[in-house]
Amino acid sequence: MMNTTAPAPRRIDPGAAWPLFDVASTRALERAGLASTGPHVLMQRAGLACARLALALHPHARTIWIAAGPGNNGGDGMEAALHLHAWGKRVLVSSLGDAAALPTDAAASRARAQAAGVPFTDQPPAHWDLCIDALLGIGARRAPDGVMARWIAAMRDHGAPVLSIDIPTGLDADTGVAAQSHVRATTTLSLLTLKPGLFTADGRDCTQTVWFDDLQLDPAVLDATVRPDACLIDAPAARLRRHASHKGSFGDVALVGGAPGMAGAALLAALAALHHGAGRVYLCTLDDAPHAPSSLALAPELMQRDATTIDVSRMTVVGGCGGGEHIRAALPRLLETAGKLVLDADGLNAVATDDALLQLLRARGARGTPTVLTPHPLEAARLLEQTVAQVQSNRLEAARRLAQHTAATVVLKGSGTIVATADDATPRINPTGNARLATPGSGDVLAGMIGAALAAGATPLDAACQAVFRHGLAAQRWPADTALTALELARQA
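Throughout, residues of each chain are indexed from 1 in the direction in which the sequence is written. With the structure being a predicted model, the display of local features is reserved for residues of pLDDT at least 70 and the display and counting of side-chain atom pairs for 80 or more, all residues being used for whole-chain, interface and lining totals. Side-chain figures throughout are based on the complete set of non-hydrogen atoms in the structure, without hydrogens or water.

Colleague: I'm lost on empty space enclosed by the protein in this one. Help?
Modeller: Regions of empty space are outlined by a rolling probe, equal in size to a water molecule, passed over the atoms. Of the grid points, spaced at 1 Å and generated over the protein atoms alone, those admitting a 1.4 Å probe that cannot get out make up cavities, while open sets with protein on both sides within 12 Å along at least five of seven lines make up pockets; any residue with an atom within 4 Å of a point is treated as lining. Grid points are joined across faces, edges and corners, and a volume is the space filled by probe spheres set on the points. Under the criterion given, the structure shown has 2 cavities of 30 Å³ or more. The space that makes up the largest cavity amounts to roughly 50 Å³. If you go around the largest cavity, the residues you meet are Ala6, Pro7, Ala8, Pro9, Arg45, Leu48, Ala49, Arg52, Asp213 and Gln216. A run of H or I in DSSP counts as a helix once it spans at least four residues, and a run of E counts as a strand once it spans at least two, with each numbered from the N terminus. Per-element accounting of the lining of the largest cavity gives the leading share, 4 residues, to helix α2 (residues 41-57). Classes in brief: Ala, Val, Leu, Ile, Met, Phe, Trp, Tyr, Cys and Pro nonpolar; Asp, Glu, Lys and Arg charged; the others, Gly included, polar. Tallied by class, the residues present in the lining of the largest cavity amount to 6 nonpolar, 1 polar and 3 charged. The volume enclosed by the second largest cavity comes to roughly 40 Å³.

Pasting the structure below:
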């Protein structure tokens, strides 16, 4: 009979500011939990949580293959096997490694499962309806190879759902970087803590739907042991406007960019700022050709000004979108005088190659002047004098370093966009978005959205978080059978 006294695992959907803990913090919390509960209790709770979730999500699965590794993750799987077997499922445990070398708790779980009559084998079954991945957990220090890699390939080729315990095998819990051989789970049940790697880099592709069980740990133990290493961005509050307001109440945004042949980038950013609440939006292209007819056709509300003469001291400037090399000449004045600044694209590339511009950027931070940078991984790599691979190998650390290097708030774009600040506040990871955002102009739209939020009075951190959440959410809500263009994205309020 199912144990229903423990709270059920909770599904992690976008909207709440869930705290995230890296491996070191999770290990510290695990030690504190074991001290308060005694040995083997957390593993028993983990196995029960996994079994309950498997039964709830796949009630009609008859044959369940549990791939158990040589450590405590395998022990969690064996505990799950015990319960599923008792509930009438046909369970088969394939166990890797020497049973005599199992950690103490995992050895106890293996003995419990064997005593209950759970069958063990060295090979996967010929057919299964559900696989539980209990091969490697957060303590893994090597990439899957040999027999383990073959089992992972079997999971992929078979096509049945996969439930990963704690983290998909082969995924780094801290960075979200996946090994060459890794599990792509249908569902991931994260235990004790949520880990940053579940939500950034390769994490979103490997985990699919994430569930969480805190193993009934006393919240006081958590509060007294560790602080979060990151957190998920929560859903922004509804944008309510006072009745007694006017267009000047929501700030002015000036889009400075659009070099010859690239005016569309600045126009997209301007449209995004307009549709996301900026009071007045000025389009200041760096191209000598007139653009009034095209911009007026798309948005007659836009105003055009000369980028070299417009007074930006009380404005929010979004600079660099499609700026090419032309933005370089405009940057000193923008960096010194813009009331608030969002720097994107070619503006970032100019700063990366000009120490004088970098010093002007840092001076803004020293003055406390609001500044947000929106690099994609290549632009971040240029600013940090690294390779893209180095940035992507630890996106959280790269975002932190870049924020400190530039004295600005940084939005490191990509799967699981990261927002970091120069004051070492807890970094945020965005849980929204999908591959529809991989379209030309999507980044320009995001820059305009951040500009609108800054102009309306949000702090740089809040403006960045609000914008990246809404930007991703718009892509998630877009019809699956229709392409999402940047122009359509800009119009999504």
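Colleague: When you look at unusual backbone geometry in this model, what are you seeing that I'm missing?
Modeller: Glycine aside, the phi torsion of most residues is negative, and most peptide linkages are trans. With phi around 70 degrees, leucine 192 is a residue other than glycine that occupies positive phi space. Topologically, leucine 192 is positioned in the loop between β8 (187-191) and α6 (203-207). Even without a glycine there, the phi angle at leucine 215 is positive, about 55 degrees.

Colleague: Is there a simple way to think about the pairing of strand β4 (residues 90-95) in this case?
Modeller: Working note: regular strand, side chains alternate between the two faces of the sheet. The classification of residues rests on relative accessible area computed with a 1.4 Å probe and restricted to protein chains. Under 20% of the type maximum is buried, over 50% is exposed, and intermediate values are partly exposed. Where burial is concerned, most of β4 is hidden: 5 out of the 6 residues are buried. Any two strands with at least two DSSP-identified bridges between them are counted as paired. By the bridge criterion, 6 bridges tie strand β3 (residues 63-68) to β4 in an arrangement that is parallel. Across the sheet, the residue bridging to isoleucine 66 is valine 93, located in β4. Each parallel crossover has a hand, and for β3 linked through helix α3 (residues 72-86) to β4 it is right-handed. As paired elements, β4 and strand β5 (residues 120-121) share 2 bridges and run parallel to each other. Residue pairing in the sheet places serine 94 in a bridge with threonine 121 of β5. The handedness of a crossover follows from its direction of travel: if, with the strands pointing away from the viewer, the path from the first strand over the helix to the second runs clockwise, the crossover is right-handed.

Colleague: Help me understand the pairing of strand β17 (residues 409-412), please; the structure alone is not making it clear to me.
Modeller: Burial along β17 is two-sided: the face carrying Thr409 and Val411 and the face carrying Val410 and Leu412 are both buried. Inspection of the sheet shows strand β16 (residues 371-373) paired to β17 by 2 bridges, in the parallel sense. Paired with valine 372 across the bridge in β17 is threonine 409. Here β17 runs beside strand β18 (residues 418-420); their pairing, made up of 3 bridges, is antiparallel. Looking across to β18, one finds that valine 410 is bridged to alanine 420.

Colleague: Mind showing me how you'd approach the nonpolar core here?
Modeller: Note that soluble globular proteins tend to have their nonpolar side chains buried in a common cluster. With 58 residues, the main nonpolar core has Leu194 and Phe199 as its most contacted residues. Membership of the second largest hydrophobic core comes to 49 residues, among which are Leu255, Ala266, Ala455 and Ala467. Buried Ala, Val, Leu, Ile, Met, Phe, Trp, Tyr and Cys residues that are joined via side-chain atoms within 4.5 Å together make up what is termed a nonpolar core.

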